[in-house]
Amino acid sequence: MANGTSLRIGGVILAAGLSSRMGRPKQWLPLGGKPLFRHSVEAATQAGLDPVILVAGGDAEQMARAVADLPVEVIANPDFRLGMSTSLKWGLRTMQGRADACLILLADQPLVSRSLIEALCHAYLARRAHGTKIVRPLFQGVPGHPVLVDASLFPYYEALEGDVGGKAILERFREAMALLPWGDHRAGVDVDTPEDYRTVRRWLASEEGERPDVQKGDQKDREDQKDRE
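Residues numbered from 1 in each chain as written. Predicted model: local features only at pLDDT ≥ 70, side-chain atom pairs only at ≥ 80, totals over all residues. Heavy atoms only, no water.

The name recorded for the protein chain in an unreviewed UniProt entry is CTP:molybdopterin cytidylyltransferase, from Hydrogenibacillus schlegelii.

Structural data, given as structure tokens:
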């Protein structure tokens, strides 16, 4: 991102989950006239993260077509069925040597905003010289995602196995972590269940209104979803 320094901050977006609790591929659920996963991709690119790497599963080609108009790299994780750790490793391997830090985003958090991403990056840049290697948002007193990690920590992710994130690494380097309180707790909500999905749709509808173009976009996405099933 453009930050007035020579430091580069990239983004890895994890979008290869199995959606076991949702019962269908949640990445492709229609939300505001676009697939759910595209919200986090747009926020990352608008915030100026560079590079932005989208880690997909078996639908990598479809995802690449869906974001072809955005400055994002889509990579396929051939091991996605083995859990989240594999996507983290593939994403950070691809990022290695290309950025000084990386923001790890979850594709099922569509309400993460450009302003939150920028705030996390600015907090890292301001505190990096004092030893900060991790920055996390704090939603109503609870640490959440996305998580910004310094490139010096990338190698530690190689030891992860199974369907786990980087919790053990965050715990290990807790003293090098900065927490950034964030007022809008909705940014930290994961869309894991049908109820989560309905809630996020209501929030978006209350903010934007059910405009005709949004309704048409949702209808098109529902038709696309049926074609994939």
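Back to the text.
Engineer: What should I look at first to understand the overall build of the protein chain in this one?
Structural biologist: Of regular secondary structure, the protein chain possesses seven helices and ten strands. A burial count over the protein chain gives 51% of its 229 residues as buried. Put simply, the protein chain shows about 10,900 Å² of open surface, and 50% of that area lies on carbon and sulfur atoms. (Helix = DSSP H or I, 4+ residues; strand = E, 2+ residues; numbered from the N terminus. Buried < 20%, exposed > 50% of the residue type's maximum accessible area, 1.4 Å probe, protein only. Areas by Shrake-Rupley, 256 points an atom, 1.4 Å probe, with all protein chains shown as cover.)

Engineer: So what exactly am I meant to see when it comes to the packing of helix α1 (residues 36–46) against helix α4 (residues 114–127) here?
Structural biologist: Helices that pack against each other are described as a pair by the angle of their axes relative to one another and the distance between those axes. For the pair α1 and α4, the least separation of the axes is 8 Å and the interaxial angle reads 50 degrees. Here α1 is positioned oblique relative to α4, judged by the angle of their axes. Every pair of crossing elements has a handedness; the one defined by α1 and α4 is right-handed. For the pair α1 and α4, contact is made by Ala43, Ala44 and Gln46 and by Arg114, Ile117 and Glu118, respectively. Classifying every residue of the contact of α1 with α4 gives three nonpolar, one polar and two charged. (Axes fitted to C-alpha atoms, helices over the stretch in contact; angles between N-to-C directions. Parallel < 35°, antiparallel > 145°, perpendicular 65-115°, else oblique. Left-handed = near helix turned anticlockwise from the far one by under 90°. Contact = heavy atoms within 4.5 Å. Nonpolar A, V, L, I, M, F, W, Y, C, P; charged D, E, K, R; others polar.)

Engineer: Sorry, what's going on with the nonpolar core here?
Structural biologist: Note on soluble globular proteins: their nonpolar side chains tend to be buried together. If you look at the biggest cluster of nonpolar residues, it comprises 35 residues, and the most contacted ones within it are Leu49 and Ile117. Put simply, the parts of the chain that give this core at least two residues each are β1 (9–15), α1, β4 (52–56), α2 (60–66), β6 (101–106), α4, β7 (134–139) and β10 (177–182). For this core, the element with the most residues is α4, which contributes six residues. Among the nonpolar cores identified, the runner-up in size contains 24 residues, and Val12, Val147, Ala151 and Met177 belong to it. (Core = buried A, V, L, I, M, F, W, Y, C linked by side-chain atoms within 4.5 Å.)

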